[in-house]
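# Coordinates in review
Spelled out from the first residue to the last, the chains are:
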Amino acid sequence: MPVLVITGTGTEVGKTVVTAAVAAAALAAGRSVAVLKAAQTGVRPDEPGDAAEVARIAGPVTTAELARYPEPLAPATAARRAGRAPVHPHEVAEAAAKLATEHDLVLVEGAGGLLVRFDAAGGTLADAARLLSAPVLVVAPAGLGTLNMTELTARELRSRGLDPAGIVIGSWPAAPDLAARCNLADLPDVAGAPLLGSVPAGSGALPPAEFRRAAPHWLAPRLDGSWDAEAFRMREAPRVL
Ligand SMILES: Nc1ncnc2c1ncn2[C@@H]1O[C@H](COP(=O)(O)OP(=O)(O)OP(=O)(O)O)[C@@H](O)[C@H]1O
Ligand SMILES: C[C@H](N)[C@H](N)CCCCCC(=O)O
Ligand SMILES: [Mg+2]
C-alpha cells in the first residue's frame with residue numbers, strides 16, 4: 001500500500017516542509033498524492049493547517065485532516081481540554097487506507113514526535129503506522145542533539161516492528177556547523193536507516209513554483225514516489241484493508 005508515515009524527532013523540525021517536498025517530488029514524477037494530517041492542533045478553524053500548507057507549496061494534492069483543536073498542544077491534551085472526541089489510531093489508519101485506494105501515494109503527517117498521544121488510551125502515530133504496516137520517515141533537525149533524538153525514535157519504531165524508512169533533515173542551514181556536518185555521516189549509523197535527503201533552511205518560504213522545481217533534488221530518488229514495497233522493506237500486508 002502506498003502509504004508513507006512522516007514523523008519527526010519532535011515538533012517544529014520541518015515535518016510539514018518535508019511532507020511538501022516529498023509530495024512535490026511525487027507530483028513531478030506524475031503521481032497522484034494525498035496528504036493526511038492526522039490531528040491538527042494550534043490552528044484556528046479559519047486558518048490553513050499543515051495539509052493546506054503542503055498543498056500551497058507542493059501543488060495539487062488531496063488534503064484531509066481528521067480533527068482540529070485550537071490549543072497548541074498534543075492532540076490528546078488539546079481534545080480533552082476542548083471537551084471534544086479525540087482521534088484514535090485506527091481512524092488514522094482507516095482514513096489513510098481509504099485515500100490509498102484512490103491515490104498513488106498517501107503521506108500521513110503526525111503531530112510533534114512519534115509518541116505524542118492522540119487519545120486518552122495513549123494511542124499514537126506509531127499505532128496507526130503499525131495498523132497500516134507502513135514505513136515511517138523520520139524528520140530530524142540538522143545540528144547538535146539530533147543523534148540522540150533520532151536514535152531514540154528509530155529504536156522505538158523497531159521495538160514496535162516498524163520500519164524506519166529513512167531520515168530527512170527538515171532544515172539544512174546555509175552554513176552548517178561542525179555538528180551538522182558530522183551528523184551526515186553519523187545519522188544513518190545511529191538510526192540504522194539511510195539519510196534520504198535534506199530540505200534547505202528557508203525553502204518553505206520560497207515561491208511555490210521554485211519549491212516544486214527544487215524539491216526533487218533535495219531527496220533521494222526513491223522518495224519521488226517511485227519507491228515500492230520492497231524499497232521500503234514493508235514486511236506485512238496492511239491490516240486495515
Ligand atoms: N526547510 C524549511 N524552510 C522554511 N521554513 C522551515 C523549514 N523547516 C522548518 N521551517 C519552519 O519551521 C517551523 C516548523 O516547521 P514545520 O511546520 O514543518 O514543523 P513540523 O515538524 O511540521 O511541526 P508540527 O509538529 O507542528 O507539525 C515552521 O514555521 C516552518 O515554516
Ligand atoms: C502545536 C504543535 N505545533 C504540534 N502540532 C503539537 C506538538 C505536540 C508536542 C507534545 C510534546 O511532545 O510535548
Ligand atoms: Mg507540521
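Parameters and conventions
- Residues numbered from 1 in each chain as written.
- Chains lettered and ligands numbered in written order.
- Predicted model: local features only at pLDDT ≥ 70, side-chain atom pairs only at ≥ 80, totals over all residues.
- Heavy atoms only, no water.
- Core = buried A, V, L, I, M, F, W, Y, C linked by side-chain atoms within 4.5 Å.
- Buried < 20%, exposed > 50% of the residue type's maximum accessible area, 1.4 Å probe, protein only.
- Helix = DSSP H or I, 4+ residues; strand = E, 2+ residues; numbered from the N terminus.
- Contact = heavy atoms within 4.5 Å.
- Phe/Tyr/Trp six-rings, centres within 6.5 Å; stacked < 30°, edge-to-face > 60°.
- 1 Å grid on protein atoms, 1.4 Å probe; cavity = no way out; pocket = protein on both sides within 12 Å on 5 of 7 lines; lining within 4 Å.
- Points joined across faces, edges and corners; volume = space filled by probe spheres on them.
- Nonpolar A, V, L, I, M, F, W, Y, C, P; charged D, E, K, R; others polar.
- UniProt positions renumbered as here; feature names shortened; annotations may be inferred.
- Polar contact = N/O pair within 3.5 Å; in protein donor to acceptor, adjacent residues only side chain to side chain.
- Near = heavy atom within 4 Å.
- Areas by Shrake-Rupley, 256 points an atom, 1.4 Å probe, with all protein chains shown as cover.
- Sits in = over half its atoms within 2 Å of the grid points.
- Donors = N, O, S within 2.8 Å, 3.2 Å for Na, K, Ca; no water.
- Axes fitted to C-alpha atoms, helices over the stretch in contact; angles between N-to-C directions.
- Parallel < 35°, antiparallel > 145°, perpendicular 65-115°, else oblique.
- Left-handed = near helix turned anticlockwise from the far one by under 90°.

## Focus on the nonpolar core
If you look at the biggest cluster of nonpolar residues, it comprises 32 residues, and the most contacted ones within it are V3, V5, V106 and V108. With 7 residues, helix α4 (residues 89-100) is the largest single contributor of residues to this core. Excluding its chain neighbours within four sequence positions, the residues that come into contact with V108 are V3, L4, V5, I6, L36, V92, A96 and L125. Within the second largest apolar cluster, 30 residues are counted, among which are I6, V13, V168 and A215.

## Quick notes on the packing of aromatic side chains
Summed over all chains, the structure comprises 1 aromatic pair. Taking the centre distance of 5.1 Å and the plane angle of 80° together, the rings of F211 and W218 count as edge-to-face. Looking at F211, the relative accessible area reads 0%, which means it is buried. For W218, a relative accessible area of 13% gives the class buried.

## Some thoughts on the layout of surface pockets
For the largest pocket, the calculated volume is near 540 Å³. Residue assignment for the lining of the largest pocket shows that the elements contributing at least two residues are α1 (15-28), β3 (40-41), α2 (50-58), β8 (164-172) and β9 (195-200). Among the elements that make up the lining of the largest pocket, the one with the highest residue count is α1 (3 residues). Of the residues contributing to the lining of the largest pocket, the split by class is 12 nonpolar, 13 polar and 6 charged.

## Let's talk about the UniProt feature "active site" (unreviewed entry) in the chain
This chain's UniProt record puts "active site" (unreviewed entry) on K37. When its relative accessible area of 4% is taken as the criterion, K37 is described as buried. Here K37 is in contact with D50, A51, A64, E65, L66, E109, G110 and A111, once residues within four sequence places are set aside. Separated by 2.8 Å, the side chains of K37 and D50 make a polar contact.

## Some points on the site of ligand 1
In the vicinity of ligand 1 there are 19 residues, among which T11, K15, T16, S203 and G204 approach most closely. Residue T11 places a side-chain N or O atom 2.8 Å away from an oxygen atom belonging to ligand 1. Between an oxygen atom of ligand 1 and a side-chain N or O atom of K37, the distance comes to 3.2 Å. Relative to its unbound accessible area of 610 Å², ligand 1 is 73% covered by the protein chains. Most atoms of ligand 1, that is more than half of them, are within 2 Å of grid points of the largest pocket. Elements with a minimum of two residues in the shell around ligand 1: α1, β8 and β9. With 3 residues, α1 is the single largest residue contributor to the shell around ligand 1. By residue class, the composition of the shell around ligand 1 is 5 nonpolar, 9 polar and 5 charged.

## A short note on the coordination of the magnesium ion (ligand 3)
Coordination of the magnesium ion (ligand 3) by the protein comes from T16 (OG1), D50 (OD) and E109 (OE), over a distance range of 2.1 Å. Residue classification places T16 among the buried residues on the basis of a relative accessible area of 13%.

## Things to note about the UniProt feature "binding site: substrate" (unreviewed entry) in the chain
Taken from the UniProt record, the annotation "binding site: substrate" (unreviewed entry) applies to T41. Summarising the element assignment, T41 is placed in strand β3. If we skip the residues at most four places from it in the chain, T41 touches Y69, E71, P72, L73, A74, P75 and A78.

## With respect to the site of ligand 2
Around ligand 2, the structure places T11, T41, P72, L73, A74 and V116. Interatomic distance of 3.2 Å between a side-chain N/O atom of T41 and a nitrogen atom of ligand 2. Coverage of ligand 2 by the protein amounts to 61% of the 390 Å² it exposes when considered alone. In terms of residue class, the shell around ligand 2 is made up of 4 nonpolar, 2 polar and no charged.

## Brief notes about the packing of α4 against helix α5 (residues 125-132)
Running from N to C, α4 and α5 point in directions that differ by 45°, and their axes come no closer than 8 Å. For the element pair α4 / α5, the angle class is oblique. Where α4 crosses over α5, the handedness of that crossing is right-handed. Contacts between α4 and α5 involve P89, H90, V92, A93, A96 and A97 from the former and D127, A128, L131 and L132 from the latter.

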